[in-house]
Structure formats: C-alpha cells, structure tokens
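Chains, contacts and geometry: an overview
Here are the chains, one letter per residue:
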Protein chains: 2
Amino acid sequence: MKKQCGKQSLIFTNPPGIRAWASIVGKKEGQGPLGPKFDTVEEDDYFGKNTWEEAESALQTRLLAKVLHKAERKSEDIRYLFAGDLLGQDIATSFGVKEFQIPLFCVYGACSTVGEALGLGAMTVAAGFADEVVALTSSHFASAERQFRTPLEYAGQRPLSATWTVTGGGAFLLTEKSEDVGITGMTTGCIVDYGVRDSMNMGAAMAPAAAALIAANLKDFGRKPEDYDRIVTGDLGAVGKRLLLELLLKQGIDISQQHEDCGMKMYDSPEQGTGSGGSGCGCAASVLAAHYLPKVQAGDLKRMLFVPTGALLSTVSFNEGRSVPGIAHGVVIESFRKI
Amino acid sequence: MKKQCGKQSLIFTNPPGIRAWASIVGKKEGQGPLGPKFDTVEEDDYFGKNTWEEAESALQTRLLAKVLHKAERKSEDIRYLFAGDLLGQDIATSFGVKEFQIPLFCVYGACSTVGEALGLGAMTVAAGFADEVVALTSSHFASAERQFRTPLEYAGQRPLSATWTVTGGGAFLLTEKSEDVGITGMTTGCIVDYGVRDSMNMGAAMAPAAAALIAANLKDFGRKPEDYDRIVTGDLGAVGKRLLLELLLKQGIDISQQHEDCGMKMYDSPEQGTGSGGSGCGCAASVLAAHYLPKVQAGDLKRMLFVPTGALLSTVSFNEGRSVPGIAHGVVIESFRKI
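Overview of the structure. The structure displayed is predicted, hence computed values, not measured ones.

1. Structural notes on the packing of aromatic side chains
Two numbers describe a pair of aromatic rings. These are the distance of the centres and the angle of the planes. Applying the stated criterion across every chain, the model contains 12 aromatic pairs over all chains. Aromatic pair F129(A) and F12(B): ring centres 5.8 Å apart, planes at 75°, arrangement edge-to-face. Placement of the pair is F129(A) in the loop between α4 (113-126) and β6 (132-139) and F12(B) in the loop between β1 (9-11) and β2 (17-25), with the two residues belonging to separate chains. Both residues of the pair, F129(A) and F12(B), belong to the buried class. With centroids separated by 4.0 Å and ring planes inclined at 5°, the aromatic side chains of F141(B) and W164(B) adopt a geometry described as stacked. Of this pair, F141(B) sits in helix α5 (residues 141-148) while W164(B) sits in strand β7 (residues 164-165), and the two are 23 residues apart along the sequence. The residues F141(B) and W164(B) share a single accessibility class, namely buried. Ring-pair connections join several aromatic residues into one group, and the members of that group are Y80(A), F82(A) and F105(A). Taking NZ or CZ as reference, K28(A) lies 4.5 Å from the ring centre of W164(A), over its face.

2. A closer look at the relation of the copies chain B and chain A
In screw terms, the move from chain B to chain A is a rotation of 180° and a rise of 0.0 Å along the axis, fitting with an RMSD of 0.0 Å. Read as a symmetry element, the transformation amounts to a two-fold axis. Looking at chain B, 100% of its interface residues are interface residues in chain A too, so the copies touch through the same face.

3. Digging into the interface of chain B and chain A
Chain B puts 65 residues into the contact, and the matching count from chain A is 65 residues. Together, the buried faces of chain B and chain A total about 5300 Å²; carbon and sulfur atoms form 61% of this surface. Note that K3(A) and E76(B) form a salt bridge whose closest N and O atoms lie 3.2 Å from each other. The element contributing the most residues to the side of chain B that touches chain A is helix α4 (residues 113-126) of chain B, with five residues. In the side of chain B that touches chain A, the residues fall into 32 nonpolar, 19 polar and 14 charged.

4. A closer look at the pairing of strand β15 (residues 326-335) of chain A
Residues and elements named next belong to chain A. Across the 10 residues of β15, 10 count as buried, placing the element largely inside the fold. The side-chain alternation of β15 yields two buried faces, one formed by G326, A328, G330, V332 and E334 and the other by I327, H329, V331, I333 and S335. Of the pairings in the sheet, the one linking strand β9 (residues 181-188) to β15 comprises seven bridges and is antiparallel in character. Residue pairing in the sheet places T187 in a bridge with G330 of β15. Alignment of strand β13 (residues 303-307) against β15, held across four bridges, turns out to be antiparallel. Bridge pairing links M304 to I333 in β15. Alignment of strand β14 (residues 309-311) against β15, held across three bridges, turns out to be antiparallel. Bridge pairing in β15 links T309 to A328.

How each quantity is defined
- Residues numbered from 1 in each chain as written.
- Chains lettered and ligands numbered in written order.
- Predicted model: local features only at pLDDT ≥ 70, side-chain atom pairs only at ≥ 80, totals over all residues.
- Heavy atoms only, no water.
- Phe/Tyr/Trp six-rings, centres within 6.5 Å; stacked < 30°, edge-to-face > 60°.
- Helix = DSSP H or I, 4+ residues; strand = E, 2+ residues; numbered from the N terminus.
- Buried < 20%, exposed > 50% of the residue type's maximum accessible area, 1.4 Å probe, protein only.
- Lys NZ or Arg CZ within 6 Å of the ring centre and 35° of its normal.
- Least-squares fit on C-alpha atoms with pLDDT ≥ 70 in both.
- Contact = heavy atoms within 4.5 Å.
- Buried area = accessible area lost by both parts, 1.4 Å probe.
- Salt bridge = Lys/Arg side-chain N within 4 Å of Asp/Glu carboxyl O.
- Nonpolar A, V, L, I, M, F, W, Y, C, P; charged D, E, K, R; others polar.
- Pairing = 2+ DSSP bridges.

Next up, the structure:
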C-alpha cells in the first residue's frame with residue numbers, strides 16, 4: 001500500500017479577509033465567456049514589451065498595482081508578497097514586482113501556485129505576523145510554450161488533450177480584518193505521481209493530486225461534497241475533470257454536482273481552439289478573481305473549496321524520461337456578507 | 001531616491017528550536033577544509049543515478065532521511081516541508097521528496113532558498129500551525145552548470161570571479177520545543193537590482209541584496225554588528241565579500257570583524273580551482289549545518305545572523321539582456337544551551 005500524505009489541513013479561527021482582488025488577461029481570454037468579468041483585457045500580448053518574458057513581468061506589475069489601487073493601499077502597507085509563476089527561476093515575478101519593494105517570498109507550485117501563495121499568505125495573516133499581504137501569480141501563453149513545449153515559431157500541432165496556457169493572472173490582498181470574503185481553512189498537498197509521461201496531457205497528471213486533496217479536505221473538515229457550494233479545480237480541463245470525478249467516485253465521493261474547473265470556464269471550446277481548456281498559474285488565479293470571488297462576496301456562494309493543481313513538469317526531467325508528478329493546494333473560501 | 005524595502009523583520013517570542021540538522025556533500029566538497037564536518041561525503045557525484053538531476057533528487061532524499069533519523073522522527077511526524085533547489089520548476093525537490101509524503105511548500109529563492117525555507121518554517125512553527133517542520137535545500141554542480149551556464153561537456157573556461165556550485169545540501173528540523181539552538185527572528189528581503197549583467201560574477205549581483213538586508217536587520221532589531229558573534233552570508237565569494245563590506249561601510253556599518261561567507265569556507269581556494277568560492281542553495285545550507293550550528297549548539301557562538309543570498313538568474317532573462325537581480329533572506333539563530 002502506498003504511503004499516505006501526512007496531516008494536511010488547518011482551520012483559521014480568525015479567518016483572514018480578502019479585501020480586494022484583481023484580474024488581468026490577454027486578448028484571447030478576453031474573447032472567452034468570462035471576458036467582461038476581468039478587470040482588464042490587454043489587447044497587446046506583448047504588454048508593450050519586447051519579449052514574452054518581459055510581457056509576463058509587466059502583467060505582474062500591473063496586477064500588483066491594480067490590487068493595491070482597488071484596496072486603496074500603497075506598497076508600503078503590504079507586509080509580505082507571496083508570488084510566483086511558471087518560468088524557470090520565477091523570473092516573471094522577480095522582474096515584475098521589484099519596483100514595489102515589498103518583502104518577497106517567492107514560491108513555486110506550477111499551476112497550483114495561487115493556492116500555495118494564498119495558503120501561506122493566509123497563515124501569515126492569521127498568525128498575526130502581518131496586517132496585510134498580497135498573493136500574486138501569472139502565466140503567459142507564449143513564455144510558457146517556449147519554456148515547456150516548443151517556441152511558437154515552430155507552429156507545432158497540439159493534441160486535443162492539450163490545454164492552452166492562459167495569458168493572465170490574479171492578485172489578492174489578504175487582511176487581518178473581517179471582510180465579505182474570507183479564508184477559513186486550507187489543505188496542503190503532497191506530491192502525487194501516477195507516472196504520467198505525456199507532456200500534452202497535464203490534466204491526467206494533475207487529476208490524481210486534485211482527487212487526493214479533495215478527499216483529504218472532506219475527511220479533515222468532516223464535510224461532505226454538498227457542504228461546499230462549489231469545488232473548483234484550477235486547470236484540469238475536460239480530460240482531467242473526467243478522471244478526477246472517476247477517481248473520487250471510486251472512493252465513494254461524488255462531487256459531480258459541485259465541481260467546476262477554471263480551465264473549462266476560461267474559453268469557448270472548441271470554438272476557440274483551446275483543446276481541453278485553459279491552464280497555467282494565471283488561469284486559476286484570474287478565474288478565481290473575476291468569476292468566483294464576486295459570487296462569494298455577493299453571498300451567492302457561501303462556501304467554496306478552491307483547489308488549483310500543478311504539474312511539476314520540467315523539460316529537463318521530462319526529456320530524461322521521468323514522469324510528471326502533480327501537486328494540489330486547497331483553500332476554503334467563505335462568504336461573510338452580513339445580510 | 002530609490003524606494004525603500006518595506007517592513008522586513010519579525011521577532012519570535014517563542015523561538016522555534018532547531019532539533020536536528022543534516023548535511024551531505026559531494027567528493028570535491030569533502031576534500032575541502034570542512035570535509036570532516038559533514039554528515040556524509042558522497043564519493044559518486046551521480047549518487048548512484050543516471051543523470052545529474054536524478055543525482056540531486058537522490059541527495060534531497062538522503063538529506064531528508066538523514067535529518068529525520070538524527071531527530072528520531074518519522075515522516076508522518078512532520079507537518080510541513082519547506083523545500084527548493086536551483087533547477088527550473090524545482091525538480092530536484094519534486095522528485096527527491098515525493099516518497100516521504102509530507103505536505104509540501106515548494107519555494108524558490110535561488111541560493112537564498114535555505115533562508116526562505118527556514119524563515120517560513122520558523123513562522124509556521126512559531127504560529128502554532130505545526131509542531132515540527134523540515135526546511136531542505138540542495139544544489140549540484142553538474143545540474144546547475146547545465147541549467148545556468150554550459151553543460152560540462154563543453155569544458156568552458158571560467159573567470160576567477162566565477163563561483164563554483166556546491167554539490168551538497170542541508171536539512172533542518174524545526175520544532176516548537178525549546179532546543180539548544182533556536183531561531184529568534186528573521187528579516188525578509190526585497191529584490192535588489194544593481195543592474196549587474198555578468199552571469200560569471202554572481203557575488204557582485206548578490207552583495208547589494210546582502211548589504212541591504214544586514215543594514216535592515218541591524219536597524220529593525222536595534223543592534224550593532226558586535227551584537228552578533230557572526231554575520232554569515234551564503235555564497236558571495238571573495239569578490240562579493242569585498243563589495244559587501246564596502247557597501248556597508250558607506251552606510252557607516254563595519255561588519256569586517258563579524259562577517260564570514262559560507263562560499264569562502266567550503267573550498268581551499270585557489271588550490272581546488274573553485275574561483276571566488278562555493279555557491280548554490282546547497283552551499284549555505286550544508287555549511288550552516290556542518291560548521292555553524294554545532295558551534296551555536298556548543299554555546300561557542302551565542303548569536304549569529306545567517307543571510308543566504310540569491311541571484312535571480314535565468315538563462316532566458318539573461319540571454320534577453322536583462323540584469324541579475326538579487327535577494328537575501330536573513331535568519332537570527334541563537335544558542336539556548338543551559339550551562
């Protein structure tokens with residue numbers, strides 16, 4: 001029998017509030033069904049810069065400025081920044097946030113990064129180590145293609161199981177104060193490796209990690225799927241979603257009524273030619289900010305489990321014939337709106 | 001005037017103890033002056049594996065097993081693992097730690113990673129979110145050369161300012177219990193970018209970040225350099241050290257009596273042909289574990305400031321002509337030995 005992941009969950013007795021959130025996406029994402037919900041749709045995929053990597057850094061710069069503006073805060077009000085991206089050595093973050101001069105914890109969780117950043121940020125605020133922190137993450141289609149697959153110039157064809165890396169991101173300002181939206185708990189993932197070796201099928205690599213995390217969350221909190229209005233994964237896509245539901249059903253857990261996937265929300269597939277759905281750190285982050293948090297704020301969703309998943313893929317390890325392990329980071333988000 | 005980094009320091013009123021630490025290094029490191037102090041010197045740089053990346057993962061696996069063994073703990077006793085490495089997508093960590101099934105926060109701070117991991121780990125324990133956590137980091141000369149410079153097979157020549165990436169790493173088990181060695185505070189860095197563009201002179205890229213962090217720590221804690229028995233940087237090397245001392249002297253801070261650099265401790269330069277000194281996540285981590293913590297445990301050092309620094313270098317950003325920004329993460333380590 002395989003070793004079980006250790007104790008994974010925390011409950012916050014004084015839930016950190018999410019005071020403000022921001023989302024910025026690229027042109028293609030703006031043309032999708034959520035288009036009108038994002039704070040900004042940038043028509044220029046270069047974000048006014050010369051390289052894809054600089055473009056992604058500019059995206060992080062704008063996201064951080066936007067969330068500070070929406071929260072009516074200055075950078076010096078923010079105690080820590082928890083941020084990351086998909087690129088080697090987290091360069092989108094390093095170059096994107098440096099002008100703000102906020103003490104930085106750079107994290108890496110592949111596409112689960114927004115969950116890791118929100119979790120660590122919430123822990124820091126809940127512990128009283130910070131009044132306010134920001135969690136920030138991004139991805140960019142073109143910088144990710146160069147990093148993980150083939151440069152765009154090769155015009156390689158993509159199988160239908162492939163997801164489409166979202167150009168976009170989200171930023172979240174967490175505060176010790178009570179807000180309409182708060183983080184009441186978290187469940188941290190272990191690495192789950194089912195031995196998937198197909199770099200064009202990230203959904204299959206990540207679904208086992210999502211399934212393990214959701215099962216652990218329900219067990220740790222003593223909840224059933226219906227105790228959540230939504231259980232939202234990051235970017236499993238259509239292929240990964242099917243696998244997730246199957247894996248959980250085998251354990252007697254049916255989340256078919258609650259489950260949604262940010263990657264499947266992002267685009268009109270197949271019209272937009274995005275295969276199995278959207279992916280990337282920026283997918284879950286921008287959809288959480290643009291689509292879900294407003295619903296929680298309005299009280300339309302009382303409680304959701306947000307479970308972005310990451311495929312720990314590197315071209316180096318992949319080319320050496322190794323598998324693509326997955327990880328998931330879960331955050332429980334609740335409505336505190338006074339009616 | 002340049003924007004100042006925000007509020008950077010935390011004091012722990014209940015300092016987390018460091019219950020155990022482990023260090024493993026490669027053959028060349030074992031031949032250096034600290035050789036006899038490491039827990040293990042591995043003669044096979046492949047660590048019994050087929051690739052350099054798998055070798056580094058094997059190093060992390062052994063480090064984690066070693067620190068658990070020394071602390072008389074099992075993996076299920078550990079609430080969280082804070083770990084990272086230098087490679088793209090932190091693959092040494094992903095593959096190295098997965099069998100232990102400890103909930104994982106993967107971090108990236110280049111060579112400052114051990115400071116970031118120790119800091120976040122200490123916060124988590126001090127907040128009461130965990131009884132025990134492990135901080136873990138590694139580097140490997142050959143996987144780093146492939147990642148950042150040129151594959152070994154090219155036999156490229158190296159300038160004297162270049163540092164030598166250490167094959168090695170350290171693991172640290174932090175506990176809520178009082179131990180002979182504890183973490184009493186931390187200072188978290190902002191990104192410092194002096195516009196250095198020389199990938200063979202990481203010391204110069206990182207020294208400004210170290211200087212800024214040390215100055216902030218002294219100011220925040222109301223201390224003078226002599227309030228520390230040692231102020232220890234990670235891997236500035238001889239070139240970076242000179243710059244660090246100069247930068248601080250300009251601010252009226254003289255740390256020449258207290259300062260030591262792990263990179264300069266690691267090898268016999270120039271006999272070992274290691275240029276300006278050792279570098280890499282594993283340099284600071286293994287030297288802290290093998291050389292400094294035993295001195296703190298014995299009470300020979302009462303208080304030290306440990307400041308590993310990272311050069312946020314990516315081949316992609318570097319080849320696009322961008323600078324190498326630096327970051328530093330400071331941890332205050334004190335002796336609690338009862339005499």
